[in-house]
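What follows is the residue order along each chain.
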Amino acid sequence: MVMKNYPPQFKADAVALYRSRPEATIRQVAADLGINPETLRNWVRAAGASRPRGRRAEVPAEPPTPLEAENAALRRKVRELEEEREILRKAAKYFAGETRW
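Conventions used here
Residues numbered from 1 in each chain as written. Predicted model: local features only at pLDDT ≥ 70, side-chain atom pairs only at ≥ 80, totals over all residues. Heavy atoms only, no water. Axes fitted to C-alpha atoms, helices over the stretch in contact; angles between N-to-C directions. Helix = DSSP H or I, 4+ residues; strand = E, 2+ residues; numbered from the N terminus. Parallel < 35°, antiparallel > 145°, perpendicular 65-115°, else oblique. Left-handed = near helix turned anticlockwise from the far one by under 90°. Contact = heavy atoms within 4.5 Å. Salt bridge = Lys/Arg side-chain N within 4 Å of Asp/Glu carboxyl O. Buried < 20%, exposed > 50% of the residue type's maximum accessible area, 1.4 Å probe, protein only.

A look at the packing of helix α2 (residues 26-33) against helix α3 (residues 37-47)
Direction vectors running N to C along α2 and α3 enclose 115 degrees, while the axes themselves pass 8 Å from each other. Considered as vectors, α2 and α3 are oriented roughly perpendicular to each other. For the pair α2 and α3, the sense of crossing is right-handed. Only Pro37, Leu40 and Arg41 of α3 make contact with α2, whose side of the interface consists of Ile26, Arg27, Val29 and Ala30.

Here it is, written out as structure tokens:
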């Protein structure tokens, strides 16, 4: 098996993406980025990154309407996809020989 060397910025971006998606597992984020889950797990541990556990402190006074909930979910998904696209764009440039991050 070939060991891949990832640039430090890619690693930092991958850890940041994992931290920004509290509902996603390491396995899901790694699959989105096309890397091994254990590789991402090691990066997360090395960065000392953790996500809050348990219930959130703020509970909305009124539950969101179905439309509001769907809009919020779609906004989250768009943000996640934009982050993933940016990370993958940077990685593609790096591996294509353009070493500037």
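Some details on the pattern of salt bridges
Oppositely charged side chains are able to pair whenever their charged atoms sit close together. Tallying each qualifying case throughout the model produces 6 salt bridges. A salt bridge links Asp13 to Lys90; the nearest nitrogen and oxygen atoms lie 3.5 Å apart. One end of the pair, Asp13, is in helix α1 (residues 8-20); the other, Lys90, is in helix α4 (residues 66-95), and 77 residues separate them in sequence. The two residues Asp13 and Lys90 agree in class, both being buried. Its salt-bridge partner being Arg21, residue Asp32 comes within 2.8 Å of it at the nearest N-O pair. Highlighted residues: Asp32 in helix α2 and Arg21 in the loop between α1 and α2, separated in sequence by 11 residues. Overall, the relative accessible area of 30% leaves Asp32 in the partly exposed class. Each of Arg21, Asp32, Glu80 and Glu84 takes part in one network of salt bridges that share partners.

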